[in-house]
Amino acid sequence: MCGIVGATAERSVAGILLEGLKRLEYRGYDSAGMAVWDGASINRLRRAGKVQALGDALDELGLPGSTGIAHTRWATHGKPVEHNAHPHMSGNQVAVVHNGIIENFERLKSDLKEHGYVFTSDTDTEVIAHLLDRSVKSGSDLVAAVKQTVGSLEGAFALGVMHQSNSGEIVAARKGSPLVIGVGIGENFIASDQLALLPVTDRFIFLEEGDIAHLTREEIVIWDKSGQLVERPISRYEHGVTAADKGGFKHYMLKEIYEQPAVTLAAFEGRINDGLVDESVFGEQATAIFDQVKQIQIIACGTSYHAGMIAKYWMESLAGIPCHVEVASEYRYRSVVIQEGTLFVSISQSGETADTLAALRDVQDQILASLTICNVPGSSLVRESDLNLMTKAGPEIGVASTKAFTTQLVALLLTTIVLGRRFKLTEDKEREIVLALAELPSLIERSIAMDGAIESMSQSFAEKHHSLFLGRGTLYPVAMEGALKLKEISYIHAEAYPAGELKHGPLALVDKDMPVVAVAPQNDMLDKLKANLQEVSARGGELFIFAGSTQDVQPGEGIHVLGMPSMPQILEPIVYTIPLQLLSYHVAVLKGTDVDQPRNLAKSVTVE
Ligand code: G6P
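Residues numbered from 1 in each chain as written. Predicted model: local features only at pLDDT ≥ 70, side-chain atom pairs only at ≥ 80, totals over all residues. Heavy atoms only, no water.

### Digging into the sheet that holds strand S15 (residues 235-236)
Here is step 1 of the chain: Taken in spatial order, the eight strands of this open sheet run S3-S2-S4-S1-S10-S9-S11-S15, and their pairing is antiparallel. A single partner strand is all that each edge strand has here, and the edge strands are strand S3 (42-48) and S15.
Here is step 2 of the chain: Alignment of strand S11 (residues 203-206) against S15, held across two bridges, turns out to be antiparallel. Across the sheet, the residue bridging to Arg203 is Arg236, located in S15. (Pairing = 2+ DSSP bridges. Helix = DSSP H or I, 4+ residues; strand = E, 2+ residues; numbered from the N terminus.)

### Comments concerning the sheet that holds strand S7 (residues 155-163)
Here is step 1 of the chain: A sheet is described by the order of its strands in space; here seven strands give the open sequence S5-S6-S7-S8-S12-S13-S14, paired in antiparallel fashion. Here the strands that pair on one side only, and so sit at the sheet edges, are strand S5 (88-90) and strand S14 (229-230).
Here is step 2 of the chain: Bridging between S7 and strand S8 (residues 170-175) involves four bridges; their strand directions are antiparallel. Note on S8: the bridge partner recorded for Ala158 is Arg174.
Here is step 3 of the chain: Across the sheet, helix H5 (residues 142-151) is in contact with S7, S8, strand S12 (212-215) and strand S13 (220-223); its angle to S7 comes to roughly 160 degrees. (Contact = heavy atoms within 4.5 Å. Axes fitted to C-alpha atoms, helices over the stretch in contact; angles between N-to-C directions.)

### Thoughts on the packing of aromatic side chains
Here is step 1 of the chain: Tallied over the entire structure, the rule returns four aromatic pairs.
Here is step 2 of the chain: Their ring planes at 80 degrees and their centres at 5.2 Å tell us that Phe282 and Phe290 sit as a pair that is edge-to-face.
Here is step 3 of the chain: In this structure Phe290 comes out as buried when scored by relative accessible area, which is 1%.
Here is step 4 of the chain: The interplanar angle of 50 degrees and the centroid separation of 4.8 Å between the aromatic rings of Phe461 and Phe544 together place this pair among those described as tilted. (Phe/Tyr/Trp six-rings, centres within 6.5 Å; stacked < 30°, edge-to-face > 60°. Buried < 20%, exposed > 50% of the residue type's maximum accessible area, 1.4 Å probe, protein only.)

### With respect to the packing of helix H7 (residues 260-268) against helix H14 (residues 427-448)
Here is step 1 of the chain: Contact geometry for H7 and H14: axes closest at 8 Å, N-to-C directions at 165 degrees. Taken as axis vectors, H7 and H14 run roughly antiparallel relative to one another. Crossing angle aside, the handedness with which H7 passes H14 is right-handed. Between H7 and H14, the residues in contact are Gln260, Pro261, Thr264, Leu265 and Phe268 and Leu437, Ala438, Leu440, Pro441, Ile444, Glu445 and Ile448, respectively.
Here is step 2 of the chain: Split by residue class, the contact of H7 with H14 holds nine nonpolar, two polar and one charged. (Parallel < 35°, antiparallel > 145°, perpendicular 65-115°, else oblique. Left-handed = near helix turned anticlockwise from the far one by under 90°. Nonpolar A, V, L, I, M, F, W, Y, C, P; charged D, E, K, R; others polar.)

Dropping the structure here:
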């Protein structure tokens, strides 16, 4: 979704802003722009399409100056064309970049039009520029104008604002959309996330909901939502600048797939004591809260939702705790019955997904407590939850989530254990799971070693338009995740079904043009799954099976089998995800799609 970068410095800022926008490209966008104050006036450049188009325009036209704001826009109101790209300006006085949606913009717009303001875009954002201009013209300084304007906006926003007569100043505001301040030496920055600013600083302030900040080169002043001056802590980015580079891989996605042995290890390393999970890693109040839990409600979106579905199997079968899981966009808009003792677990790579955050906020006062499983320290979900467990995957840039998912599963397994102790999980069983976890990195490595075979297999998919993914038990959500990956990056229609549902509909679709992918570990569901696969074969469907036993699942005409390493059953959903990630990756490469930034999608969905 939209990305914001801003800088006030002694040096020229256009290069910093452009690099920041490139680093935000992964969030998803369709136009880009920048406004820089050159000591006398604010000049602006905008382009539809990629940041590179803006970079080319900058090379040609230049945008000198030491204070600026920049933006990648993911279209909501108005097409992705140049006149809708940010920054938006009111005359040549005010420039604004905005992430989020202003819900009452139509009313504000007609009022501003009545007062003579002329609109040059179809966006909701432009009202902010004109409101600011009106406020400054009526005598407010820029900070007061932002405070006044923000008060009349409904919806979600992160803002970066400059005014022609406020040399070297940026005012930032956040409500509902993420924004961080980068603290430099004699220069300061704003951005939608830390990654944008890593080349210039590793020190960050996370703004709280309702905060307004005034930045100059030398100073950062912050007011909270009640208008009080506040000090916010500065934290250091711990992953290093290069964690967000491609590191010699052709795509971020491939790099992130290959990082999974290391990051899944990081997700449990240091969290085990004497063969048992250390529950203090969830936060100071963990023990007191966990002691009162009676059931779990998991809320998430996209890939994180699939992780939640797997956790439901674990919570109920291993721990014996009632567990519900639902996508946030549904949960937040229906009337829900929350039972006493409910631990609300949100799962989110970014910690900023608008629906997940809204779902948490809606139920805050009805739940026992909240826990977030998240990859971004300091994100909104982390800050607003009682407990958290970081997944430690490091920055994930590819829009299609890979390492964030497998590390979420590790974190959810740890969560299942600490809660399960209070229900039916015995200490012996806990030790058995912890021992199994130790095998995970090498099992993932062995699955990645199948890359060449999977690449060959991918050729059978490149010309196809539809595909079906099947699994049973914890492997059903894995099939869903495999189908999601394929559709996201190769644009091939992919559907997942619990294999037992095959004959209730999808079997009608099966023919030679519909490849069917199955995840078939050697577990107690294998015989049932094999029967389902027979049903596909008998109808001329071509099967691609990732099997735990090549003896039990034999290749044949139209049946391709890739043998997976043998593994503890508890690890199956994590390890069987890897070949499906690789399959979708290679199909997308064959099809020549934009693997890391698939069309129409965004990494961080900060609007509804
Ligand atoms: C977007 C991303 C997905 C992600 C989902 C939820 O759709 O493209 O990769 O799974 O949002 O995001 P979250 O950050 O909450 O895990």
